[in-house]
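# Inside the fold
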Amino acid sequence: MNYEVLSYTDLAFAALLLLINGAVSVAFELGMARSLLIASVRMVVQLLLIGVILDFLLSTVSPFWTGLAVLTMLGFAGYEAMARQDCRLKGFWGYGLGAGAMCFAVLLMMGFALTTQVAADPWYHPRYLLPLLGMVLGNCMTGVALAIRAITAALGDGRAAVEAQLVLGRSFRRAVLPMTRAALRTALTPTINAMAATGLVSLPGMMTGQILAGIDPVEAVKYQLLVMFLISGATGIGVTIAVFSVLRRLTDTRHRLRLDRLSE
C-alpha cells in the first residue's frame, strides 16, 4: 500500500495557516487569539500522545488496555458534555446523566458494528474499535450536549408557561412537549445536515484518509456510510435518553417543575 509520508517539517509549515485565524482575531478585536493558541497546542499534544498510545495498543492487542482506553474516552466525553452547559444539574447528575446517555448509545452501536458489520478478530481489536468509537462518540457527545443545553434553557425561559399549564391540569409531559420537540430537533439537526452534505459538499475525514492511504474509493465510501449510520443511530438514541432523563430529573411525583435542581 503506497501513501505519502508527512514529515514534521511539512506539518510545521501547514501550521502557519493558523496565523490567518489569529490575524482575523487581532484585526477585529475578537479576543480569540489566546484561545486559538491554547486549542492549537492542545490539539497537537493530544494527537501526538494518542498516536503513541495507539501504537502501543496495536502492538499488544490486550482487552485490558483497549478497555481502559475506551473508558478513558467515555469519561472525557462525559466531562466535555457537562462543561458545555450553561445550567447544570446539581450533584453527580450534571456529569452522570450525559455520560450515561452517551455510554449506552455508543456502546450499543459498537456492539452492533463489531458483531454484525466489521469482522474484527478479536472483536476488541483496537484497530477497529477505537477509530469507530472515536468518530461515533464525538458526534454523539455534540448531540447530547446540545440536547441537554436546549431543554434546560427552554425550561428556564418558559417556566411561567409550563407552570400555568400545570395549574390548568395538564400533565408535566404534555406541558413540556413543545420544548421537548424543540430540544430534540436542535440536537439532531447537525447530524442530519452532515448526512445531507456528505459527498456533495464535503468528503469526510475517514474516507479521505483511506483514499490517501491507497484504499479503493468505493470501499472507502462503504466504510464512511457505515460510520454515518452508526453516528446517526448513536446520536438519536443518546439525545432521546438525555432529554427525557433531564425532564424526569426536573420534575417530581406531584408533576411540579423542579428548577431548583439546576445550578447556574
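Residues numbered from 1 in each chain as written. Predicted model: local features only at pLDDT ≥ 70, side-chain atom pairs only at ≥ 80, totals over all residues. Heavy atoms only, no water.

## Digging into the packing of helix 5 (residues 93-117) against helix 11 (residues 217-249)
Working note: a packed helix pair is described by the angle between its axes plus the distance between those axes. Between helix 5 and helix 11, whose axes approach to 9 Å, the crossing angle comes to 150°. Classified by the angle between their axes, helix 5 and helix 11 sit roughly antiparallel to one another. Between helix 5 and helix 11 lies a crossing of right-handed hand. Mapping the contact onto sequence places Trp93, Leu97, Ala101, Phe104, Ala105, Leu108, Met109, Met110, Phe112, Ala113 and Gln117 in helix 5 and Leu226, Leu230, Gly233, Ala234, Ile237, Gly238, Ile241, Ala242, Ser245, Val246 and Arg249 in helix 11. Of the residues assigned to the contact of helix 5 with helix 11, the class counts are 17 nonpolar, four polar and one charged. (Axes fitted to C-alpha atoms, helices over the stretch in contact; angles between N-to-C directions. Helix = DSSP H or I, 4+ residues; strand = E, 2+ residues; numbered from the N terminus. Parallel < 35°, antiparallel > 145°, perpendicular 65-115°, else oblique. Left-handed = near helix turned anticlockwise from the far one by under 90°. Contact = heavy atoms within 4.5 Å. Nonpolar A, V, L, I, M, F, W, Y, C, P; charged D, E, K, R; others polar.)

## What about a nonpolar patch on the surface?
Together, Leu6, Tyr8, Leu11, Met43, Val44, Leu47, Leu48, Leu49, Ile50 and Ile53 line one region of the surface with nonpolar side chains, adding up to about 1,000 Å² of accessible area. Those elements that provide at least two residues to the nonpolar patch are helix 1 (8-15) and helix 3 (33-60). With seven residues, helix 3 is the largest single contributor of residues to the nonpolar patch. Topologically, Leu47 is positioned in helix 3. (Patch = residues over 30% accessible without salt bridge, like charges linked within 9 Å, V, L, I, M, F, W, Y side chains within 5 Å. Areas by Shrake-Rupley, 256 points an atom, 1.4 Å probe, with all protein chains shown as cover. Salt bridge = Lys/Arg side-chain N within 4 Å of Asp/Glu carboxyl O.)

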